Amino acid sequence: MSPIPSVPIAAIATAPGRGGVGIVRVSGASLAELVRRLFQRELTPRHAHLLPFKTEDGETLDEGLALFFPAPHSYTGEDVLELQGHGGPAVLRRVLQLCLDGGRDMGLRIAEPGEFTQRAFLNGRIDLAQAEAVADLIEATSVAAARGAMASLSGVFSEKVNALADRIVHLRMLVEATLDFPEEEIDFLEKYQARPLLDALSADLRAIIAQTRQGVILREGLHVVLAGRPNVGKSSLLNALAGDEVAIVTPIAGTTRDKVVQEIHLDGVPLHIVDTAGLRETDDPVESIGIQRTWQEIERADVILHLLDATAVDEEALDAGISARLPADTPVLKVVNKIDLLAATPAADAVLPISARTGAGLDTLRKALLDIAGWNPGAESPWLARERHLRALNQAEEHLTIAAGHAAMDDRVLDLFAEELRLAHESLSSITGEFTSDDLLGEIFSRFCIGK
């Protein structure tokens with residue numbers, strides 16, 4: 001892992017645009033001298049001081065609050081200076097430049113994306129899962145996601161992972177001690193109840209995996225693609241699910257030429273609904289491009305809603321041709337639209353009858369989408385999670401399963417048993433960042449906003 005940087009950094013910490021309040025944040029190993037240069041006085045730690053922000057020649061740029069947080073009791077674990085002024089972009093840029101000019105000889109520079117949070121991680125203020133939760137909290141688009149991100153940030157997820165890791169370490173310690181003193185002639189697996197301990201570990205890990213899977217769904221959501229012939233009601237369904245007129249609807253076939261994407265939430269789960277061009281043979285070059293893009297979206301879908309027109313019984317061959325081209329490994333829901341135009345509702349055998357116009361059947365469709373996602377509202381994850389967390393947990397489970405296979409034999413394979421425990425521990429530790437490559441850190445923090 002890279003050494004903890006000492007060069008001070010600065011950035012505007014509030015979102016771009018105009019606002020009532022704007023914040024400029026500075027972090028570094030020692031900022032007491034910078035504080036004296038900016039204000040000709042010392043600041044009482046963790047107290048708000050109402051002060052003018054002046055240049056060296058005495059020009060007042062703004063007036064606001066200055067707060068100084070000495071290390072290690074700060075967000076980054078370093079000295080942190082926050083200047084809270086008015087939120088105009090021009091004012092904030094000038095205040096930021098004021099700080100950069102004052103700390104020029106210290107090497108003060110503009111922060112990279114996520115660098116403040118990265119320093120908090122490197123300085124041991126938060127672990128990697130908590131650092132990721134900072135970005136997730138900022139990006140949360142639902143109350144459930146915000147609540148889950150806050151739970152991760154407060155350490156709920158990390159505590160679960162660390163508790164499991166500690167139990168694996170305890171078991172490893174017993175195994176290693178036995179390997180170091182083979183002359184003792186003891187049956188390790190029986191004496192230390194290794195098999196029951198391992199079974200309990202595996203059961204608890206599976207419970208955490210189930211909760212984490214819910215957290216991943218809550219964060220990532222589903223990429224849902226609406227596909228079908230022209231005029232089957234794809235745009236109408238998008239509007240009905242979104243509760244707004246986000247797509248143009250006309251009786252003219254081929255109205256939708258390019259994809260329309262809308263995010264909606266079902267029970268807090270984000271669904272990225274993609275309306276696409278109708279699938280048919282056409283000589284129109286523009287429509288052909290739209291159809292090509294439709295198939296591209298279908299290839300990357302998590303779920304495909306294949307819409308059919310309940311009133312168009314003569315188009316079954318065309319619908320069958322579309323079905324044959326859909327990816328075999330992607331869940332497909334066949335949705336029969338326009339049932340409001342029929343005298344009787346078709347049998348819901350392997351299909352979902354709906355009316356995008358009246359809303360009939362939409363609740364059943366919403367539930368079907370959540371079922372495909374694996375979402376269980378009764379088992380909602382208390383934390384938000386990422387796909388990498390789930391991969392690490394699954395890897396740990398695989399190693400414990402292999403270890404259990406060795407434990408089913410005898411003490412002659414204790415070295416293999418110990419190795420699988422070590423690998424399981426390493427997988428869990430990668431979640432919190434105890435064992436993490438610099439490449440992964442760079443990938444994670446580069447996605448943060450500047451100033452955080």
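Residues numbered from 1 in each chain as written. Predicted model: local features only at pLDDT ≥ 70, side-chain atom pairs only at ≥ 80, totals over all residues. Heavy atoms only, no water.

An unreviewed UniProt entry lists the chain under the name tRNA modification GTPase MnmE, with Bordetella genomosp. 8 as the source organism. Recorded under Subcellular location (unreviewed entry), the UniProt text for the chain is reproduced unchanged: "Cytoplasm". What UniProt states about the chain under its Subunit (unreviewed entry) heading is, verbatim, "Homodimer. Heterotetramer of two MnmE and two MnmG subunits." (UniProt positions renumbered as here; feature names shortened; annotations may be inferred.)

### Regarding helix α3 (residues 115–122)
Of all eight residues that make up α3, seven are buried, and the element is covered over most of its length. Within the span of α3, buried status applies to E115, F116, T117, R119, A120, F121 and L122. Where α3 ends, the next residue or the one after it, G124, has phi of about 80°, a positive value. (Buried < 20%, exposed > 50% of the residue type's maximum accessible area, 1.4 Å probe, protein only. Helix = DSSP H or I, 4+ residues; strand = E, 2+ residues; numbered from the N terminus.)

### Focus on the environment of L226
As for its placement among the helices and strands, L226 is situated in strand β7 (residues 222–228). In this structure the C-alpha to C-alpha distance between L226 and V335, which are 109 residues apart in sequence, comes to 9.7 Å.

### Here's the deal with the sheet that holds strand β10 (residues 303–309)
Here we have six strands laid out as an open sheet, ordered β8-β9-β7-β10-β11-β12, and mixed in their pairing. Only two strands of the sheet have a single neighbouring strand rather than two, namely β8 (260–266) and β12 (352–353). On top of the sheet, helix α12 (residues 362–373) reaches β7, β8, β9 (269–275), β10, β11 (332–337) and β12; it is set at about 175° to β11, its chief contact. (Pairing = 2+ DSSP bridges. Contact = heavy atoms within 4.5 Å. Axes fitted to C-alpha atoms, helices over the stretch in contact; angles between N-to-C directions.)

### Brief notes about unusual backbone geometry
A cis amide bond links A71 with the next residue in sequence, P72, at an omega value of 0°. The residue P72 is located in the loop between β4 (60–69) and β5 (79–85) in this model. Residue N231 is not a glycine yet carries a positive backbone phi of 65°. Position of N231 relative to the elements: it lies in the loop between β7 and α9 (234–242). Given the relative accessible area of 32%, N231 is considered partly exposed.

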